[in-house]
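Results of the structural survey
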Amino acid sequence: MSKIIKNFKNINYGPAPEDSKDVTQWIQELDRPNKLYINGTWTKSNSNKKLNIINPSNNKKLATLAISNKKDVNLSVSAAKKAFNKWSKISPLSRSKYLYALARLIQKHSRFLAVLETIDNGKPIRETRDIDIPLVARHFYYHAGWAAKMNDKTSKPIGVVGQIIPWNFPLLMLSWKIAPAIAAGNTVVLKPAEFTSLSALYFAELCQKAGIPKGVINIITGDGSTGELITNHPEIKKIAFTGSTEVGKKIIQSTASSEKKLTMELGGKSPFIVFEDADLDSAVEGIVDAIWFNQGQVCCAGSRLLIQESIEKKFVTKLKNRMEKLRVGNPLDKSIDIGAIVAPVQLKKIKQIVKKGEKEGSSLWQPKWACPKDGLFYPPSIFTNVSPSSFIAQVEIFGPVLTVLNFRKPSEAVSIANNTPYGLAASIWSENINLALDIAPKIKAGVIWINSTNLFDASVGFGGYKESGFGREGGIEGIRSYREINLPEITPKKIKKNNIKLKLPKIDTTPKLYIGGKQKRPDSGYSFSQFSYDDQFICDIGRANRKDVRDSVEAASKSLSKQPNNFNRSQLLFYLAENLSQRKTTFVDLLKNITGISKANAEKEFELSCERIFYFASMSDKFEGNIHNPPMRGLTLAVKEPVGVVASVLNNYQPLLSLSTVISSLFANGNASIIVPAEQSSLIATSLYQVFETSDIPPGYINILTAKDNELNPTLAQHENIDGIWGF
């Protein structure tokens, strides 16, 4: 028996290549350069620019792609816009049937698609066959169900959607984008990544087989210049982008002056936290899936291993032993664990970052075996002796490189995990479920896995915080982002000036700012004048500046660390409504003086303001999440979390009601507020200070900065610790 075991340990894996004959023939028969899929037909590009794509596993040329120009983009948008008129009006059931047809065709051609994706991208056939393509079909099936459930009474389609997808999951990202968009009644112009466009072109052929109406789905190839034309096109109503944070920022800046909706799924530097009571062997396998899945070219890759100090040496030894057994090579070989890097430029970037890590003093370790030299391969690598602030612990490498950091206490693990500009995902490993559930909500990331990693499903929303982007893809959250909610619109009425001479209050003080639960003088030392509706001087009001913004953000951020629970927030808002109701005379007089409305309208606005606070008090403990049951092991808890620090810039329309609505809605959901009232109605905001103080609102949760109109907007927009801005 011992001889058999000894021989078993010495057995080498033999090759198990996947047949690629049909896929290779299809690639060879492609037009060079390819045609674009516009308005349901294959259209020759108007551009003379071309790019060559390669097979990463052998560096050989695969095909030549057209780089679509402005005319191509205009044609595709025009086709999508024309198709939208009919597609948005067909019955939900009809749209559902089209998505179902696509799902069935993807399943029928699943092996072909898996091989094509592997050849084009370089990832192992086991991953494309067992993970990517089944999930692609799952997304179309899932959204076929949502298509049948659409209700145009409560929401409506947006219009033409521009979609730009990355090269790491070409067909899967296509399904994440196209399925919810067309299910919601929109039409699409999609640009696949320049390195990996082949599966998108084959998908276009499936669209023809499924009988998708002309113009509903348009697929054009190109590079960054094509993507820029899509994002800046005036007829496109929404941009859905998955890619680097750097490009995402450019898209946000270029569309800032438009009314385009955005969904941004950007970079990550996800922590993989292992506590001393974890199942170490399982955690090692988890690391393999977290960082060496798809050669580490995953936005949510667990690229930072945070290991409890007491088990660090033991765990790293186990991990190195496992790395020695990983197999790197031809991705079409079914026995291969790690495939090829997608392109020479990406391989060069990985090598440069690794060199910088060594230069900083971190210790690099790689397995003893050598990678194949006839393709774009890079060995699995780990860095030890890494500082949390070091370059390799902060930057997204997007390759098979793991950094190892240690911690002593759970609180330290949370601090290190959150010490990054990203917030996409995290993985927690512990046999103590109480510990895991305590740590999970403290990590600022969109997705947290417990004793698992890289689990995805169409029914579960995916997305991040901070520089990992905003918006969600998948689940009801993803569908919502492709619909316009039918909200009532109010047209401000012209205020009739009162002929009655109003008695203005004699105020001999200058109202201050409200920061951290205290009234504070503005840092600038300046003030501005508050006038009545008929231009009579009332008083001077403190004028906030950049330093006051900084102080209010600090106070707001500090308050979030000691967050009251939803029931406590509900009680505090009830108390706030009660205290405000006792100051009716004061605020009715202010509304009459400052806005010029009648006594009856002022009383109505006051009563509505109290009711609004009361409403959010009653809803504070009812904004709850969901439990999903995806078709895999375990359950998914969808928890509704506060955005964080939110700045609200108000206008002069119904000033007391606006203040009450914004303050109470944000507080009810656990957010900390920085309120900038309109210049003309600032005195109404400052008159609320005593109401806050007598209502025991926790310091820092509500901060009010008075200033001239739009004066603080640039400072608020540029502050990295403000998580959201609400503008009116």
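Residues numbered from 1 in each chain as written. Predicted model: local features only at pLDDT ≥ 70, side-chain atom pairs only at ≥ 80, totals over all residues. Heavy atoms only, no water.

Observations concerning the overall build of the protein
Check the secondary structure of the protein and you find 25 helices and 31 strands. Taking 27 Å as the expected radius of gyration for a compact globule of 728 residues, we find that the protein reaches 29 Å, a close match to that expectation. In terms of principal-axis extent, the alpha carbons of the protein reach across some 100 × 65 × 40 Å. A buried classification covers 54% of the 728 residues belonging to the protein. Within the protein, counting contacts between residues at least 6 apart in sequence, those at least 24 apart form 76% of the total. Of the roughly 32900 Å² of accessible surface on the protein, 51% is carried by carbon and sulfur atoms. Across the protein, the mean location of the 93 positive side-chain charges is 4 Å away from that of the 68 negative side-chain charges. (Helix = DSSP H or I, 4+ residues; strand = E, 2+ residues; numbered from the N terminus. Rg over C-alpha atoms; globule rule 2.2 N^0.38 Å. Buried < 20%, exposed > 50% of the residue type's maximum accessible area, 1.4 Å probe, protein only. Contact = heavy atoms within 4.5 Å. Areas by Shrake-Rupley, 256 points an atom, 1.4 Å probe, with all protein chains shown as cover. Lys, Arg positive; Asp, Glu negative; His and termini not counted. Charge placed at Lys NZ, Arg CZ, Asp CG, Glu CD.)

Thoughts on a negative patch on the surface
Together, Glu276, Asp277, Asp279 and Glu431 make up a negatively charged patch on the protein surface. When you line up the elements, Asp279 lands in the loop between β11 (271-274) and α11 (280-291). Exposure remark for Asp279: the relative accessible area of 35% places this residue in the partly exposed category. (Patch = residues over 30% accessible without salt bridge, like charges linked within 9 Å, V, L, I, M, F, W, Y side chains within 5 Å. Salt bridge = Lys/Arg side-chain N within 4 Å of Asp/Glu carboxyl O.)

A look at the side chain of Ser390
Tracing the backbone shows Ser390 in the loop between β14 (381-384) and α14 (391-394). At 2.7 Å, the side chain of Ser390 and the backbone oxygen of Ser387 are in polar contact. (Polar contact = N/O pair within 3.5 Å; in protein donor to acceptor, adjacent residues only side chain to side chain.)

Focus on the pairing of strand β7 (residues 187-191)
Most of β7 sits inside the fold, with five of its five residues counted as buried. A two-sided burial pattern is seen for β7, the buried positions comprising Thr187, Val189 and Lys191 on one face and Val188 and Leu190 on the other. Bridge count between strand β6 (residues 160-164) and β7: five bridges; the pairing is parallel. Directly across from Val160, in β7, lies its bridge partner Thr187. Handedness of the crossover is the feature at issue here: the chain leaves β6, passes through helix α7 (residues 170-183), returns alongside β7, and the resulting connection is right-handed. Two elements, β7 and strand β8 (residues 217-219), share three bridges in a ladder whose sense is parallel. If you follow Val189 over to β8, its bridge partner there is Asn218. In this fold, β7 hands off to helix α8 (residues 198-210), which returns the chain to β8; that crossover is right-handed. (Pairing = 2+ DSSP bridges. Right-handed = clockwise from strand over helix to strand, strands pointing away.)

Notes on the packing of helix α6 (residues 125-149) against α7
When two helices pack together, their arrangement is given by the angle between the helix axes and by the axis-to-axis distance. Between α6 and α7, the shortest axis-to-axis distance is 9 Å and the interhelical angle comes to 5°. In terms of orientation, α6 and α7 fall into the roughly parallel class. Contacts from Asp132, Ile133, Leu135, Val136, His139, Phe140, His143 and Ala147 of α6 reach α7 at Leu171, Leu172, Ser175, Trp176, Ile178, Ala179, Pro180 and Ala183. Considered class by class, the residues forming the contact of α6 with α7 number twelve nonpolar, three polar and one charged. (Axes fitted to C-alpha atoms, helices over the stretch in contact; angles between N-to-C directions. Parallel < 35°, antiparallel > 145°, perpendicular 65-115°, else oblique. Nonpolar A, V, L, I, M, F, W, Y, C, P; charged D, E, K, R; others polar.)

Structural notes on the pattern of salt bridges
Counting across every chain of the model gives 20 salt bridges. In this structure, Glu473 and Lys177 form a salt bridge, with 2.8 Å as the shortest nitrogen-oxygen distance. Here Lys177 lies in helix α7 and Glu473 lies in the loop between β20 (469-470) and α17 (475-480), a separation of 296 residues in the sequence. Among the residues examined, Glu473 registers a relative accessible area of 4% and is labelled buried. When the shortest N-O distance is used, the salt bridge between Glu711 and Arg543 registers 2.5 Å. With Glu711 in the loop between β30 (702-704) and α25 (713-718) and Arg543 in the loop between β25 (537-542) and α18 (546-560), the pair connects residues that are 168 residues apart, well separated along the chain. On the basis of relative accessibility, which here comes to 31%, the residue Glu711 falls in the partly exposed class. Given a relative accessible area of 23%, Arg543 falls into the partly exposed group. Members of the salt-bridge network, linked through shared partners, are Glu18, Arg111 and Lys334.

Brief notes about the packing of helix α19 (residues 566-581) against helix α21 (residues 599-619)
Axis separation between α19 and α21 bottoms out at 8 Å; the angle between their running directions is 165°. Relative to α21, the element α19 is oriented roughly antiparallel. Between α19 and α21 lies a crossing whose hand is left-handed. For the pair α19 and α21, the contacting residues are Ser570, Leu573, Phe574, Leu576, Ala577, Leu580 and Ser581 in the first and Phe606, Cys610, Ile613, Phe614, Phe616, Ala617 and Ser618 in the second. Tallied by class, residues from the contact of α19 with α21 come to eleven nonpolar, three polar and no charged. (Left-handed = near helix turned anticlockwise from the far one by under 90°.)

What about the nonpolar core?
Among the nonpolar cores identified, the biggest contains 113 residues, and Phe140, Leu198, Phe203, Ile217, Val274, Trp292 and Leu305 are the most heavily contacted of them. Beyond its immediate stretch of four places on either side in the chain, Trp292 contacts Glu127, Ile287, Leu319, Met323, Leu326, Ile338, Pro380, Ser381, Ile382, Pro400 and Val401. Grouped together as the second largest cluster of nonpolar side chains are 61 residues, Leu650, Ala672, Ile674 and Leu688 included. (Core = buried A, V, L, I, M, F, W, Y, C linked by side-chain atoms within 4.5 Å.)

Re the sheet that holds strand β18 (residues 447-450)
Pairing within the open sheet is mixed, and its seven strands lie in the order β13-β14-β15-β12-β11-β17-β18. Two strands lie at the open edges of the sheet, namely β13 (363-365) and β18, each paired on one side alone. Averaged over all adjacent pairs, the angle separating strand axes in this sheet is 20°, with direction ignored. α11 rests against β11, β12 (304-308), β15 (401-407) and β17 (425-429) of the sheet, and its axis sits at about 175° to β11. Sitting on the sheet, helix α13 (residues 344-359) touches β13, β14 and β15, and the angle it makes with β14 is about 25°.

Remarks on helix α5 (residues 110-121)
Taking 1.5 Å per residue, twelve residues should reach 16 Å; α5 reaches 16 Å between its end C-alpha atoms and fits that length. Among the residues of α5, Phe112, Leu113, Ala114, Val115, Leu116, Glu117, Thr118, Ile119, Asp120 and Asn121 are the ones counted as buried. (Expected span 1.5 Å × (residues − 1).)

Observations concerning unusual backbone geometry
As a rule of thumb, non-glycine residues mostly have phi less than zero, and peptide bonds are mostly trans rather than cis. With an omega of 0°, the peptide bond between Arg32 and Pro33 qualifies as cis. Within the secondary structure, Pro33 is located in the loop between α2 (21-28) and β1 (36-38). In this structure, Asn294 takes a positive phi of about 55° despite not being glycine. As for its position among the elements, Asn294 is in the loop between α11 and β12. Of note in the backbone geometry, Lys466 takes a positive phi value of approximately 50° without being a glycine. Within the element layout of this structure, Lys466 appears in strand β19 (residues 465-466).

Quick look at a nonpolar patch on the surface
On the surface, a nonpolar cluster with roughly 640 Å² of combined accessible area is contributed by Ile433, Leu437, Ile627, Leu635, Leu637 and Val639. Looking at the secondary structure, you find Leu635 in the loop between β26 (626-628) and β27 (636-638).

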